[in-house]
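Residue-level structural notes
Chain by chain, the residues:
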Amino acid sequence: MDKNRIKLIQDLLKSEEALFVYSPSNVFYLIEKRINGLFLLITKYEIFALVSKMLKSQAEDVLNLKTIVGDTFKDQALQIKKLNIKKIYLDSEDISFNLYILIKKYFSDVNFSQIIKNLRITKSQKEIDKINKAIRITNKVLNETRLFIKEGVTEIQVKNFILQKFLFYDVEASFEPIVAFGKNSAYPHHISDHTKFQSEDIILIDLGCKVNGYCCDITRVYNLNEEARKYYKILVTLQKKLISMCKVNMKVKDIHNYALDFLSQYGIEDKYLHSTGHGLGVDIHEPPFVSFRDKTILKEGMVITIEPGVYFRNKFGLRIEDDILITTSSAKILTKNIK
């Protein structure tokens, strides 16, 4: 359990306020363990695990937490009221509508809070070390995967090889790997199928693993033909510029807009089908999101991806994705040595 993070939250609460931590990722961020069905209630001076009877002993023995036990939120809400809690903050807007209505039934003053989001958006050195370890393992798996790909092997076989290698290195995948051959690479989120690799096919691999709860995310393309190589060089030039823009006080939407403007010089801005990147941490996609919608300003300690890509339907797709740490002076490419 990270007592410092919990203390930072408690310092922002008043005596009659509480933060209800519903998001599994936020729960993990605070207690550094994943226990399905366990939520947290943080008050000014205490922290409770909201659990069913089934999880009571686990919360008390493993986490050493006080518990509020109830098999329904109604049971738990009646106990929370006894703590003289008047105002409830919710940690995530992803909370289910039914649960939100139920909370409103018992507490009239309910608001959404950005407290944990604001904490998670910048990483400590301890968190960065975990991401770096995930990157090192992913690099090993990527190199072994390239050697595994031979003519006739299917996308699913390659995907399963990646997953098996992650198991061998005692880590889990950050997400289901994307392995796309030939024209399948033109689908940014292609689901690997039984397509067989042929010698002239472009290969796109998007993969990452998770170490002690922290993710990395890398995309590489190989086996380029002459036409694809022309566009790949454009992407390389673009990505270098985008990474150079990743500095403290830069607006992420300006990074994304630059990518569109740059590609418009070549008449291929319509082939740019996704945002330019996203935050990395406990979740594979978390704030900030490098898109025109996000108003976030980069700060020291943020870890983001920069992943420009262009996609030509029925032909091929290209994407280069690297993980970037924002430092006081510049952007540090954490995945720099991955080819």
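Our subject is the structure that appears above.
All figures in this text were calculated on a predicted structure; none of them were measured in a lab.

So, how was this worked out
Residues numbered from 1 in each chain as written. Predicted model: local features only at pLDDT ≥ 70, side-chain atom pairs only at ≥ 80, totals over all residues. Heavy atoms only, no water. Salt bridge = Lys/Arg side-chain N within 4 Å of Asp/Glu carboxyl O. Helix = DSSP H or I, 4+ residues; strand = E, 2+ residues; numbered from the N terminus. Buried < 20%, exposed > 50% of the residue type's maximum accessible area, 1.4 Å probe, protein only. Polar contact = N/O pair within 3.5 Å; in protein donor to acceptor, adjacent residues only side chain to side chain. Axes fitted to C-alpha atoms, helices over the stretch in contact; angles between N-to-C directions. Parallel < 35°, antiparallel > 145°, perpendicular 65-115°, else oblique. Left-handed = near helix turned anticlockwise from the far one by under 90°. Contact = heavy atoms within 4.5 Å. Nonpolar A, V, L, I, M, F, W, Y, C, P; charged D, E, K, R; others polar. Pairing = 2+ DSSP bridges.

On to the pattern of salt bridges. On inspection of all chains with the given rule, the structure shows 16 salt bridges. The closest approach of N and O atoms between Glu286 and Lys123, which form a salt bridge, is 2.6 Å. Taken together, the residues span a long stretch of sequence, with Glu286 in strand 14 (residues 286–290) and Lys123 in the loop between helix 6 (115–120) and helix 7 (125–148) at a distance of 163 residues. Lys123 shares its class with Glu286; the two are buried. Measuring nitrogen to oxygen at the nearest pair gives 2.6 Å for the salt bridge that ties Glu227 to Lys315. In this pair, Glu227 sits in helix 9 (residues 226–245) while Lys315 sits in the loop between strand 16 (309–312) and strand 17 (316–319), placing the two residues 88 residues apart along the sequence. Lys315 sits in the partly exposed class, given a relative accessible area of 38%. Counted as one network, the salt bridges with shared partners bring together Arg120, Lys123, Asp283 and Glu286.

On to the environment of Ser96. Mapped onto the secondary structure, Ser96 falls in the loop between strand 5 (87–90) and helix 5 (97–106). Separated by 74 residues in sequence, Ser96 and Tyr22 place their C-alpha atoms 9.8 Å apart. Within polar-contact distance, the side chain of Ser96 engages the backbone nitrogen of Leu99 at 3.2 Å.

Moving on, we come to the packing of helix 9 against helix 10 (residues 252–264). Packing of helix 9 against helix 10 brings their axes to within 10 Å, and their N-to-C directions diverge by 155°. In terms of orientation, helix 9 and helix 10 fall into the roughly antiparallel class. When you trace helix 9 past helix 10, the crossing you get is right-handed. Residues Ile234, Thr237, Leu238, Lys241, Leu242 and Met245 of helix 9 form the contact with helix 10, whose own contacting residues are Asp254, Ile255, Tyr258, Ala259, Phe262 and Leu263. Considered class by class, the residues forming the contact of helix 9 with helix 10 number nine nonpolar, one polar and two charged.

A separate point is unusual backbone geometry. A cis geometry characterises the amide bond from Pro287 onward to Pro288, with omega recorded as 0°. Counting through the fold element by element, Pro288 comes out in strand 14. Of note, Asn64 is a non-glycine position whose phi angle comes to about 55°, a positive value. For Asn314, which is not a glycine, the phi torsion comes out positive at approximately 65°. Of note, Asn314 is situated in the loop between strand 16 and strand 17. Using a relative accessible area of 54% as the deciding quantity, one classes Asn314 as exposed.

Take the sheet that holds strand 11 (residues 214–215) next. The three strands lie next to each other as 7-10-11, forming an open sheet whose pairing is antiparallel. Of all the strands in the sheet, the pair left with one neighbour each is strand 7 (172–173) and strand 11. Lying on the sheet, helix 7 is in contact with strand 10 (209–211) and strand 11; it crosses strand 10 at an angle near 140°.

The values are spatial; any link to function lies outside them.
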